[in-house]
Amino acid sequence: MKTRPHKATLEALISLCKRRGFIFQSSELYDGLNGFWDYGPLGCELKRRVREAWWKAMVQRREDVVGLDSAIIMHPRVWEASGHTTSFADPMVDCRACRKRFRADVLCEEQGQQLVQTAQGYSLPEGIKCPACGARDLTPPRAFNLMFKTFVGPLEEESAVAYLRPETAQGIFVQFQNVLAVSRQKIPFGIAQIGKAFRNEINPRHFTFRSREFEQMELEYFIKPGSDTQWYEYWVAERLKWYEAIGLPATSLQASAYPPDKLAHYAKACTDVLYDFPFGWQELEGIAARGAFDLTQHQTHSGKSMEYFDPETREKFIPHVIEPSAGVDRVALALLCEAYREEWVPKADVAGEPRRAEPGKPVPEGYEPRTVMAFAPAMAPIQVAVFPLLKNKPELVAQARTVFSQLQRRWTCFWDQTGAIGRRYRRQDEIGTPFGVTIDFQTLQDQTVTLRDRDTMQQDHVHVDDLQAYIAKKIAY
Ligand code: GAP
């Protein structure tokens, strides 16, 4: 598969994320905790955009999907029924020389081989070595359960063991009958949930891509048995459209269907939506046709019916499920990767075309470098920046404050009155603010403001009364 030349190296992106407050290492003060990340002022806005865009598309703009917010810690029997207690495990190996620990399947893949799986379990192919110290002294692979354990109540005993959920989906399945009873939905219909999930990943890596604490956006869409293919294909197409709508171009996306021999035993089909990350094509979301597996498991383990009564045909059946399951953090990371650009721009910052910077070449005469995060306007963490041209002119500041407070009611805005206007624009470019509004002396005369576009750097004069409509049109999602 061809990988396109990338705009961002992961290193450049990580550095910008820290410098500008998108993402920090968790517990950095104490040297960090591997696999955990904190989202700073801009990162938490970006994640909010992702969640909001998903919720709008999957719940708010549909009649057949309702929401749920279930607890992170559930009865441990939920995880017995779902199969997580016994089989939610990755094969793990240890290096006897340097004592580092790795995921065996990933290690084999990185060294151009495949982990051997037999009825007896896993074994390593010949010649696999430790990527840290090079020793060929690895333990045989053994299953490592990824669920984080904790205790409910004051006693740390076996009967008090509980787990942090490794997916949000099970919260939906166990509330299926309650939601059905109150929501006046008929099949086909869905239940959507956004929330934290936890997996004790053996090798967290690629920045936030594989973390130990992350957030999922999951839909369980309940259907009549037999309509699986129709709804599965529908959801694969819908989900691809959504990624394009939030600013990931079709050329950076790919739908990768699982071959039948790679499917889970209960699954009828599964497609991963992949994004072209700087570290290769990797999964953003999985869309799976899971049959009646989950509801049947919960019916068996709880002894309570998970059947649906169809009022039209008067039949009873356990619904089948199509599950689009995406990660907030991975979508946010893809948006960051896609947005990052290094450019050369004309110095005066009036008119003129920005040019893509050519690595290794000097900045041409009359140009200066800029880093710009070209988020789709609807996804930008800060949507509008407001600048009074001069901070020591009270009439300009007062007028700018009026504009700012009007815009703030609808969008996330940033106030900046310090420094030369070109510098203020540049600071906003680097965090991806699509619109800059400058209040200058002309504003005092005719109530027009200067509206600067982040990508083209073009400046238009817009009447303050038309400003909201102008911005709303561009930010519409
Ligand atoms: N209920 C199905 C399920 O959980 P999954 O493929 O294991 O399926 C769904 O997870 C999505 O959750 C992934 O496509 C990914 O976006 C996100 N995800 C899973 N593990 C993750 C991790 N360790 N770090 C960040 N995101 C993760």
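Residues numbered from 1 in each chain as written. Predicted model: local features only at pLDDT ≥ 70, side-chain atom pairs only at ≥ 80, totals over all residues. Heavy atoms only, no water.

Caption draft 1: Inspection of the pattern of salt bridges at higher detail. If you walk through the whole model with that rule in mind, you get 31 salt bridges. Salt-bridge contacts for R48 lead to E45; the nearest nitrogen and oxygen are separated by 3.2 Å. You can see R48 and its partner E45 sitting in helix α2 (residues 41-60), 3 residues apart, about one turn around the helix. Salt-bridge contacts for R426 lead to E368; the nearest nitrogen and oxygen are separated by 2.4 Å. Of this pair, R426 sits in helix α12 (residues 421-431) while E368 sits in strand β21 (residues 367-373), and the two are 58 residues apart along the sequence. Each of E343, E368, R370, R426, D429 and R452 takes part in a single network of salt bridges with overlapping partners. (Salt bridge = Lys/Arg side-chain N within 4 Å of Asp/Glu carboxyl O. Helix = DSSP H or I, 4+ residues; strand = E, 2+ residues; numbered from the N terminus.)

Caption draft 2: Main features of the site of the ligand. Inspection of the region around the ligand gives 19 residues, with E167, R199, E218, E283 and L284 positioned closest. One of the side-chain nitrogen or oxygen atoms of E167 is found 2.7 Å away from a nitrogen atom of the ligand. Taking L284, its main chain carries an N or O atom lying 2.8 Å from an oxygen atom of the ligand. Considering the ligand on its own, with 550 Å² of exposed area, one finds that the protein chains cover 88% of that surface. Elements with a contribution of two residues or more to the shell around the ligand: β12 (213-223), β15 (280-291) and β18 (320-327). (Near = heavy atom within 4 Å. Polar contact = N/O pair within 3.5 Å; in protein donor to acceptor, adjacent residues only side chain to side chain. Areas by Shrake-Rupley, 256 points an atom, 1.4 Å probe, with all protein chains shown as cover.)

Caption draft 3: Highlighting the sheet that holds β18. Overall, mixed pairing links the 7 strands, which are arranged β3-β11-β12-β18-β15-β14-β13 in an open sheet. Strand pairing shows two members of the sheet lacking a second neighbour, β3 (65-67) and β13 (253-257), which therefore form its edges. This sheet shows a mean twist of 25° between the axes of neighbouring strands, independent of strand direction. In terms of strand pairing, β3 meets strand β11 (residues 189-198) through 3 bridges, oriented parallel. Paired with V66 across the two strands is I191, which belongs to β11. (Pairing = 2+ DSSP bridges. Axes fitted to C-alpha atoms, helices over the stretch in contact; angles between N-to-C directions.)

Caption draft 4: Region of the structure containing the packing of aromatic side chains. If you walk through the whole model with that rule in mind, you get 21 aromatic pairs. With centroids separated by 5.4 Å and ring planes inclined at 70°, the aromatic side chains of F209 and F279 adopt a geometry described as edge-to-face. Of this pair, F209 sits in the loop between β11 and β12 while F279 sits in the loop between β14 (269-277) and β15; the two residues are 70 residues apart in sequence, bridging distant segments of the chain. Pairwise contacts between aromatic rings join F173, F176, F189 and F222 into one cluster. The ring of Y39 carries K47 above its face, with NZ or CZ at 4.0 Å from the centroid. Positioned above the aromatic ring of F209 is the side chain of R330, whose terminal nitrogen or guanidinium carbon lies 3.7 Å from the ring centre. (Phe/Tyr/Trp six-rings, centres within 6.5 Å; stacked < 30°, edge-to-face > 60°. Lys NZ or Arg CZ within 6 Å of the ring centre and 35° of its normal.)

Caption draft 5: Main features of the packing of helix α1 (residues 10-20) against α12. With their axes 10 Å apart at the nearest point, α1 and α12 run at an angle of 125° to one another. By the angle between their directions, the pair α1 and α12 is classed as oblique. The interaxial crossing formed by α1 with α12 has left-handed handedness. Along the contact surface, α1 presents L16, R19 and R20, while α12 presents R427, E430 and I431. (Parallel < 35°, antiparallel > 145°, perpendicular 65-115°, else oblique. Left-handed = near helix turned anticlockwise from the far one by under 90°. Contact = heavy atoms within 4.5 Å.)

Caption draft 6: α12, seen in detail. Turning to α12, its buried residues number three or more, namely R424, Y425, R426, Q428, D429, E430 and I431. Downstream of α12 by one or two residues, G432 has phi in the positive range, about 90°. (Buried < 20%, exposed > 50% of the residue type's maximum accessible area, 1.4 Å probe, protein only.)

Caption draft 7: Structural context of the pairing of β12. By the criterion of burial, β12 is predominantly enclosed, with 10 of the 11 residues buried. Bridge analysis of β11 against β12 gives 10 bridges, and the strand direction is antiparallel. Within the sheet, the bridge partner assigned to K196 lies in β12 and is E215. The sheet contact formed by β12 and β18 spans 6 bridges and is antiparallel. Its bridge partner lying in β18, I223 is registered against H320.

Caption draft 8: The environment of A469, seen in detail. With respect to the element layout, A469 can be found in helix α14 (residues 464-475). Once the C-alpha coordinates of A469 and G419 are considered, the two residues, 50 residues apart in sequence, prove to be 29 Å apart.

Caption draft 9: The arrangement of the environment of T86 in detail. Topologically, T86 is positioned in helix α4 (residues 84-87). Residue T86 is classed as exposed on the basis of its relative accessible area, which comes to 69%. Between the C-alpha atom of T86 and that of G153, which follows or precedes it by 67 residues, the distance is 24 Å. In this structure the side chain of T86 is engaged in a polar contact, spanning 3.3 Å, whose partner is the backbone oxygen of G83.

Caption draft 10: View of the sheet that holds β21. Taken in spatial order, the 3 strands of this open sheet run β20-β19-β21, and their pairing is antiparallel. This sheet does not close on itself; its edge strands, each paired only once, are β20 (355-356) and β21. Pairing between strand β19 (residues 340-346) and β20: 2 bridges, direction antiparallel. Paired with W344 across the bridge in β20 is R355. In this fold α12 packs onto β19 and β21, with an angle of close to 40° to the strand it touches most, β21.

Caption draft 11: Examining helix α11 (residues 394-408) more closely. Here α11 is 15 residues long and its end C-alpha atoms lie 20 Å apart, about the 21 Å a rise of 1.5 Å per residue gives. Those residues of α11 that fall on the buried side of the exposure criterion are L396, V397, Q399, A400, V403, F404 and L407. Buried residues of α11, viewed axially, fall in a sector of 165°; they line one side. Structurally, α11 contributes buried residues whose contacts are with β22 (384-388), β23 (413-415), β24 (435-439), α13 (441-446) and α14. (Expected span 1.5 Å × (residues − 1). Arc of directions from axis to C-beta.)

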